[in-house]
Amino acid sequence: MSPPIVCLSMEGGAAATTPAALPYYVAFSQLLGLTLVAMTGAWLGLYRGGIAWESDLQFNAHPLCMVIGLIFLQGNALLVYRVFRNEAKRTTKVLHGLLHIFALVIALVGLVAVFDYHRKKGYADLYSLHSWCGILVFVLYFVQWLVGFSFFLFPGASFSLRSRYRPQHIFFGATIFLLSVGTALLGLKEALLFNLGGKYSAFEPEGVLANVLGLLLACFGGAVLYILTRADWKRPSQAEEQALSMDFKTLTEGDSPGSQ
């Protein structure tokens, strides 16, 4: 069994150890994620004509934006606390929040693209299971980000309230990510049935590529969730963070660090 990697903090002292296997799993997840984004672009470019906003190709912005935003960027936002184990907690929080807001904005562009395309073509909206799940995921994601910002980045929430909400925040973050992957798989299957119809069962090249894309979606989701659920890979609480937490508790709740 490989020994853990010992890192040095910015101040030059010994920092928390990094499990030896963690960097390899993170690198593997990034390889899967980047391949996923590239293969989505290749699928749209080779078989769907590419992307152009003011044309019939506007719809293609939807799958690309959703894969980049709600899959790749959301997954990386969840991994921030595993990757940046020895950075200042506030810096890590800000990066976590920024990645989520970038994912939210890109996903919003994807939603606008599909609704605008349907409007121009006269197609019905929100009738499929994929669309219902997609709206649910987007609303949950927005609420999760808003509540997380209010509790953890915006000053005002009490220390005890943050502590009570943190497990729910972590649970819903992982759940929304899992729902995002499932919704993307539903959308991919729906697109193949619409575009290929009976040809799908004839092992058309587009269908084979899209099936590989689906496997990449599932593998990226699995890799991210595995890294998140390894208890021994969690970001350890540092001594200065505990002191700051006690100071924050004193300021917001009026008690002293030694009153408990």
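Since the model is a prediction, treat every value here as computed from it, not as a measurement.

Draft legend 1. Focus on the packing of aromatic side chains. Tallied over the entire structure, the rule returns 12 aromatic pairs. Aromatic pair Phe72 and Phe220: ring centres 6.2 Å apart, planes at 35 degrees, arrangement tilted. Note that Phe72 is positioned in helix α2 (residues 61-83) and Phe220 in helix α6 (residues 205-229), a separation of 148 residues in sequence. Residue classification places Phe72 among the buried residues on the basis of a relative accessible area of 13%. Ring centres 5.3 Å apart and planes at 15 degrees place the aromatic pair Trp145 and Phe149 in the stacked group. Remark: Phe149 and Trp145 occur in helix α4 (residues 129-153); sequence separation between them is four residues, near one turn of the helix. These aromatic residues form a ring-pair network of at least three members: Tyr25, Tyr226 and Trp233.

Draft legend 2. Quick peek at the UniProt feature "transmembrane region" (unreviewed entry) in the protein chain. Within this structure's numbering, the places UniProt gives as "transmembrane region" (unreviewed entry) are residues 21-46, 66-84, 96-115, 135-157, 169-188 and 208-228. Segment residues 208-228 splits into 100% helix and 0% strand. End C-alpha atoms: 31 Å apart.

Draft legend 3. Representation of the nonpolar core in the model. Judged by nonpolar contacts, the single largest core of 45 residues is most densely connected at Leu36, Trp43, Phe177, Phe220 and Val224. Elements with a contribution of two residues or more to this core: α1 (22-47), α2, α3 (89-121), α4, α5 (159-196) and α6. Residues contacting Leu36, with those up to four places away along its chain left out, are Val67, Ile71, Leu213, Leu216, Leu217 and Phe220.

Draft legend 4. Region of the structure containing the side chain of Arg82. With respect to the helices and strands, Arg82 occurs in helix α2. Of note is the side chain of Arg82, whose polar atom sits 2.8 Å from the backbone oxygen of Leu228. With near-sequence residues (within four places) excluded, Arg82 lies in contact with Leu22, Ile227, Leu228, Trp233, Lys234 and Arg235.

Draft legend 5. The arrangement of the packing of α2 against α5 in detail. The interhelical angle for the contact between α2 and α5, taken along N-to-C directions, is 160 degrees, at an axis separation of 10 Å. Taken together, the axes of α2 and α5 are roughly antiparallel relative to one another. Along this stretch, α2 crosses α5, giving a crossing that reads as left-handed. Where α2 abuts α5, its residues Leu70, Ile71, Gln74, Gly75 and Leu78 lie against Gly173, Ile176, Phe177, Ser180, Val181 and Ala184. Residues belonging to the contact of α2 with α5 are distributed by class as follows: seven nonpolar, four polar and no charged.

Draft legend 6. The arrangement of the packing of α3 against α4 in detail. Interhelical geometry of α3 versus α4 gives an angle of 155 degrees and a closest axis separation of 11 Å. The angle between the axes of α3 and α4 places the two elements in the roughly antiparallel class. Relative to α4, the crossing made by α3 is left-handed. Contact residues: Lys93, Val94, Gly97, His100, Ile101, Ala103, Leu104, Ala107, Leu108, Leu111 and Phe115 in α3; Ile135, Phe138, Tyr141, Phe142, Trp145, Phe152 and Leu153 in α4. Looking at the contact of α3 with α4 residue by residue, the class counts come to 15 nonpolar, two polar and one charged.

Draft legend 7. The pattern of salt bridges, seen in detail. Inspection of every chain in the model, using the stated rule, returns six salt bridges. Where Arg48 meets Glu206, a salt bridge forms, and the shortest distance between an N and an O atom there is 3.0 Å. With Arg48 in the loop between α1 and α2 and Glu206 in helix α6, this pair connects stretches of sequence that are 158 residues apart. Overall, Glu206 belongs to the buried group, its relative accessible area being 5%. For Arg119, the salt bridge identified is with Asp116, shortest N-O distance 2.5 Å.

Draft legend 8. Here's a closer look at a nonpolar patch on the surface. A contiguous nonpolar patch, built from Trp53, Val105, Leu108, Val109 and Val112 and spanning about 400 Å² of accessible area, is present on the exposed surface. Its location among the elements puts Trp53 in the loop between α1 and α2. Assessed through its relative accessible area of 34%, Trp53 is described here as partly exposed.

Thresholds applied
Residues numbered from 1 in each chain as written. Predicted model: local features only at pLDDT ≥ 70, side-chain atom pairs only at ≥ 80, totals over all residues. Heavy atoms only, no water. Phe/Tyr/Trp six-rings, centres within 6.5 Å; stacked < 30°, edge-to-face > 60°. Helix = DSSP H or I, 4+ residues; strand = E, 2+ residues; numbered from the N terminus. Buried < 20%, exposed > 50% of the residue type's maximum accessible area, 1.4 Å probe, protein only. UniProt positions renumbered as here; feature names shortened; annotations may be inferred. Core = buried A, V, L, I, M, F, W, Y, C linked by side-chain atoms within 4.5 Å. Contact = heavy atoms within 4.5 Å. Polar contact = N/O pair within 3.5 Å; in protein donor to acceptor, adjacent residues only side chain to side chain. Axes fitted to C-alpha atoms, helices over the stretch in contact; angles between N-to-C directions. Parallel < 35°, antiparallel > 145°, perpendicular 65-115°, else oblique. Left-handed = near helix turned anticlockwise from the far one by under 90°. Nonpolar A, V, L, I, M, F, W, Y, C, P; charged D, E, K, R; others polar. Salt bridge = Lys/Arg side-chain N within 4 Å of Asp/Glu carboxyl O. Patch = residues over 30% accessible without salt bridge, like charges linked within 9 Å, V, L, I, M, F, W, Y side chains within 5 Å. Areas by Shrake-Rupley, 256 points an atom, 1.4 Å probe, with all protein chains shown as cover.

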